[in-house]
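# Geometric and topological summary
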Amino acid sequence: MLKLLRILAVLVAAITISVFGTLYALCRLRNPSCVGQIARWYSAMHPLVGIKLIRRPRPEFDQPAIYIANHQNNYDMVTISSMVPPKTVTIGKKSLIWIPFFGLVYWATGNIFINREKRSAAIDTMTKVGKIIQERQISIWMFPEGTRSRGRGLLPFKTGAFHTAIAAGVPIVPIVCSTLHNKVDLNRLNNGTVICEVLEPIDTSGYTRENLKELIEKCHTIMQDKIAELDAEVAKLDAK
């Protein structure tokens, strides 16, 4: 019974946020700060699924960057989505626009669509993204794993985010969320704590296409170690 009530509550809340978010974004002419604002509205649904969310942003960092985050499952919408900074848009596959209600708000907030099926088109889009960052002084949020991990740990990273950061001459800022796999049971009243944290910016000025792999490995290691650290902290908090 609790599961059914939660599903209905989340469904109603998500549709409401999507509708009002679309109107809000259109009134602001697809202002890039709309993405973070509406993402936080979605994240406000976390109590509906019994999660206590701890956020650790880095407000003192306010320059253009490529934000990279771990992508776990559908609960990312109520957890790590809360960490999208101002003047930041995301890059998503074109098929997202066909998701009822969400697709429209995703378009209206000014996010960038990419055709992943055509590698040449994807590369061309990433080149354009680098120019957009410089011209509009905005940041880009990406999931470098390219897909949801669904309990498989932090998957290998694709190269797009790192190529873009180097081309645009901006730092990479990792954002991590503690493990969500098997965390949420909609029939359970309390599903414990989830921690999301923005990590130190990583300078990309010393990297080129030749040593791109080193940058990718560095970012992956930093994020993997921090996720393990957050998981240990969450275990202690939930044990109390």
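Residues numbered from 1 in each chain as written. Predicted model: local features only at pLDDT ≥ 70, side-chain atom pairs only at ≥ 80, totals over all residues. Heavy atoms only, no water.

## Considering helix 2 (residues 33–43)
Most of helix 2 sits inside the fold, with eight of its eleven residues counted as buried. When we look at burial in helix 2, the residues that qualify are Ser 33, Cys 34, Val 35, Gly 36, Ile 38, Ala 39, Tyr 42 and Ser 43. Taken together, the buried residues of helix 2 touch helix 1 (2–27), strand 1 (52–56), strand 3 (88–93) and helix 3 (102–108). (Buried < 20%, exposed > 50% of the residue type's maximum accessible area, 1.4 Å probe, protein only. Helix = DSSP H or I, 4+ residues; strand = E, 2+ residues; numbered from the N terminus. Contact = heavy atoms within 4.5 Å.)

## Focus on the pattern of salt bridges
In this structure the tally under the stated criterion is seven salt bridges. Lys 183 serves as the salt-bridge partner of Asp 238, at 2.7 Å between the closest nitrogen and oxygen. Here the residue Asp 238 occupies a position in helix 6 (residues 212–239), and Lys 183 occupies one in the loop between strand 6 (172–177) and strand 7 (193–198), the gap between them amounting to 55 residues. A salt bridge links Lys 226 to Glu 229; the shortest N-O distance between them is 2.9 Å. Residue Lys 226 and its partner Glu 229 are located together in helix 6, separated by three residues, close to a single helical turn. (Salt bridge = Lys/Arg side-chain N within 4 Å of Asp/Glu carboxyl O.)

## Section: unusual backbone geometry
The backbone phi angle of Phe 101 is positive, close to 70 degrees, even though this residue is not glycine. Tracing the backbone shows Phe 101 in the loop between strand 3 and helix 3. Residue Phe 101 is classed as partly exposed on the basis of its relative accessible area, which comes to 44%. Of note, Gln 137 is a non-glycine position whose phi angle comes to about 55 degrees, a positive value. With respect to the element layout, Gln 137 can be found in the loop between helix 4 (119–136) and strand 5 (139–142). For Gln 137, a relative accessible area of 44% puts it in the partly exposed group.

## Here's the deal with the side chain of His 46
Here His 46 lies in the loop between helix 2 and strand 1. Side-chain polar atoms of His 46 contact the backbone oxygen of Ser 43, separated by 2.8 Å. Residues contacting His 46, with those up to four places away along its chain left out, are Ile 51, Leu 53 and Val 78. (Polar contact = N/O pair within 3.5 Å; in protein donor to acceptor, adjacent residues only side chain to side chain.)

## A look at the nonpolar core
Among the nonpolar cores identified, the biggest contains 66 residues, and Ile 66, Ile 68, Ile 140 and Phe 162 are the most heavily contacted of them. Element by element, the count of residues in this core is highest for helix 6, at eight residues. Sequence-distant contacts of Ile 66, that is, excluding residues within four places in its chain, are made with Ile 133, Ile 140, Met 142, Ala 161, Thr 164, Ala 165, Val 170, Pro 171, Ile 172 and Val 173. (Core = buried A, V, L, I, M, F, W, Y, C linked by side-chain atoms within 4.5 Å.)

## Details of the UniProt feature "transmembrane region" (unreviewed entry) in the protein
Here the UniProt feature "transmembrane region" (unreviewed entry) sits at residues 7–26 and 95–114. Summarising residues 7–26: 100% helix, 0% strand, and an end-to-end C-alpha distance of 28 Å. As a span, residues 95–114 carries 35% helix and 15% strand, and end to end its C-alpha atoms are 9 Å apart. (UniProt positions renumbered as here; feature names shortened; annotations may be inferred.)

## Topic: the state of the cysteines
One pass over the structure, following the stated rule, counts zero disulfides. Cysteine Cys 34 shares no disulfide, and the gap to the nearest cysteine sulfur, in Cys 27, comes to 9.3 Å. (Disulfide = S-S within 2.5 Å.)

## Some thoughts on the packing of aromatic side chains
Applying the stated criterion across every chain, the model contains six aromatic pairs. Between the aromatic rings of Trp 141 and Phe 143, the centroid separation amounts to 6.1 Å while the plane-to-plane angle is 85 degrees, which identifies the pairing as edge-to-face. On the basis of relative accessibility, which here comes to 3%, the residue Trp 141 falls in the buried class. For Phe 143, a relative accessible area of 27% translates into the label partly exposed. Among the aromatic residues, those joined into a ring-pair cluster are Tyr 42, Phe 102, Tyr 106 and Phe 113. (Phe/Tyr/Trp six-rings, centres within 6.5 Å; stacked < 30°, edge-to-face > 60°.)

## Overview of a nonpolar patch on the surface
There is a patch of nonpolar side chains on the surface, built from Leu 26, Ile 97, Trp 98, Leu 104 and Trp 107 and spanning about 550 Å² of accessible area. By secondary structure assignment, the location of Leu 26 is in helix 1. For Leu 26, a relative accessible area of 40% gives the class partly exposed. (Patch = residues over 30% accessible without salt bridge, like charges linked within 9 Å, V, L, I, M, F, W, Y side chains within 5 Å. Areas by Shrake-Rupley, 256 points an atom, 1.4 Å probe, with all protein chains shown as cover.)

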